[in-house]
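# Coordinate inspection notes
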Amino acid sequence: SLFPYKKWLCCTTQAGYSGVVMLSKIKPKLWIEGFGDSDVAEEVRQVAVGEGRMVSAVFDGRDGNPVTVTGVYVPNSGRGLVRLEFRRRWETAMRQFVKDRTANGHLILTGDLNVSHRPIDLANPNSNKKNAGFTEEERGDFSLLLDECDMVDAFRQ
């Protein structure tokens, strides 16, 4: 097999709803489902695994510190922003996870973060300000992730 090491999570309650997969040619020293042992709200922890939202592989880094590669499918806030408050709790959990994984190591965060961070990311930003993925709250939470966790949006670099 081209990728002999693989891990996937999929939604356990609704077929085809969501899921993530990690494929690797190198054997990870650890797989993490969802938020692992990070101290996050139980509701968020259950969704991360139950809806198949997040999987990570941890490898030995060249500098001796672990490198975590995380694939995430961040929950959308939904039509009418019905899931916005949950989404904000998810973002708080994500910041905690990133801080935990980078305290003594490195992290590469990939996937669908379900946010358009800057107006340039949309063709019609003015008409989308109250739509899922472009609310002030979601954009602000993404900024906090970058700033508080000393991360770089590689697309913008």
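Reference entry: report on the structure contained in this document. This structure is a prediction, so every number in the text was calculated from the model and none was measured.

## Observations concerning the overall build of the chain
A count of helices and strands for the chain gives three helices and six strands. Computed over its C-alpha atoms, the radius of gyration of the chain comes to 16 Å, within 12% of the 15 Å expected for a compact globule of 157 residues. Over its C-alpha atoms, taken along the principal directions, the chain stretches across nearly 45 × 35 × 30 Å. Taken across its 157 residues, the chain has 41% of its residues classed as buried. For the chain, the share of sequence-separated contacts (at least 6 apart) that also reach a separation of at least 24 residues comes to 60%. If you sum the accessible surface of the chain, you get close to 9200 Å²; carbon and sulfur atoms cover 50% of it. Side-chain charges in the chain split into 21 positive and 21 negative, and the spacing between the mean points of these groups amounts to 5 Å.

## Some remarks on the packing of helix H2 (residues 84-102) against helix H3 (residues 136-148)
It is at 10 Å that the axes of H2 and H3 come closest, and there the two elements cross at 5°. As judged from the angle between their axes, H2 and H3 are roughly parallel. In this structure, H2 uses Leu84, Arg87, Arg88, Glu91, Met94, Arg95, Val98 and Lys99 to contact H3, whose residues at the interface are Glu137, Glu138, Asp141, Leu144, Leu145 and Glu148. Residues of the contact of H2 with H3, tallied by class, amount to five nonpolar, no polar and nine charged.

## Some thoughts on the pairing of strand E5 (residues 66-73)
When you tally the buried positions in E5, you get six out of eight residues, the bulk of the element. Examined bridge by bridge, strand E4 (residues 54-60) and E5 share seven bridges and lie antiparallel to one another. When the sheet's bridge partners are listed, Ala57 is paired in E5 with Val69. Count of turn residues in the E4/E5 antiparallel hairpin: five residues, of which Gly64 carries a positive phi of about 90°. Bridge count for E5 against strand E6 (residues 106-112) is seven bridges, and the pairing is parallel.

## Section: the packing of aromatic side chains
Evaluated as defined, the whole model comprises two aromatic pairs. Seen in terms of ring centroids, Phe35 and Trp90 are 5.0 Å apart; in terms of plane orientation they differ by 65°. Their pairing is edge-to-face. Of this pair, Phe35 sits in the loop between strand E3 (30-33) and helix H1 (42-50) while Trp90 sits in helix H2; the two residues are 55 residues apart in sequence, bridging distant segments of the chain. Note on accessibility: Phe35 and Trp90 belong to one class, buried. Centroid distance Phe35 to Phe97: 6.0 Å. Interplanar angle 80°. Geometry classified as edge-to-face. One end of the pair, Phe35, is in the loop between E3 and H1; the other, Phe97, is in helix H2, and 62 residues separate them in sequence. By relative accessible area, which is 1% here, Phe97 ends up buried. Chaining the aromatic ring pairs together yields one cluster made of Phe35, Trp90 and Phe97.

Cut-offs and rules
Residues numbered from 1 in each chain as written. Predicted model: local features only at pLDDT ≥ 70, side-chain atom pairs only at ≥ 80, totals over all residues. Heavy atoms only, no water. Helix = DSSP H or I, 4+ residues; strand = E, 2+ residues; numbered from the N terminus. Rg over C-alpha atoms; globule rule 2.2 N^0.38 Å. Buried < 20%, exposed > 50% of the residue type's maximum accessible area, 1.4 Å probe, protein only. Contact = heavy atoms within 4.5 Å. Areas by Shrake-Rupley, 256 points an atom, 1.4 Å probe, with all protein chains shown as cover. Lys, Arg positive; Asp, Glu negative; His and termini not counted. Charge placed at Lys NZ, Arg CZ, Asp CG, Glu CD. Axes fitted to C-alpha atoms, helices over the stretch in contact; angles between N-to-C directions. Parallel < 35°, antiparallel > 145°, perpendicular 65-115°, else oblique. Nonpolar A, V, L, I, M, F, W, Y, C, P; charged D, E, K, R; others polar. Pairing = 2+ DSSP bridges. Phe/Tyr/Trp six-rings, centres within 6.5 Å; stacked < 30°, edge-to-face > 60°.

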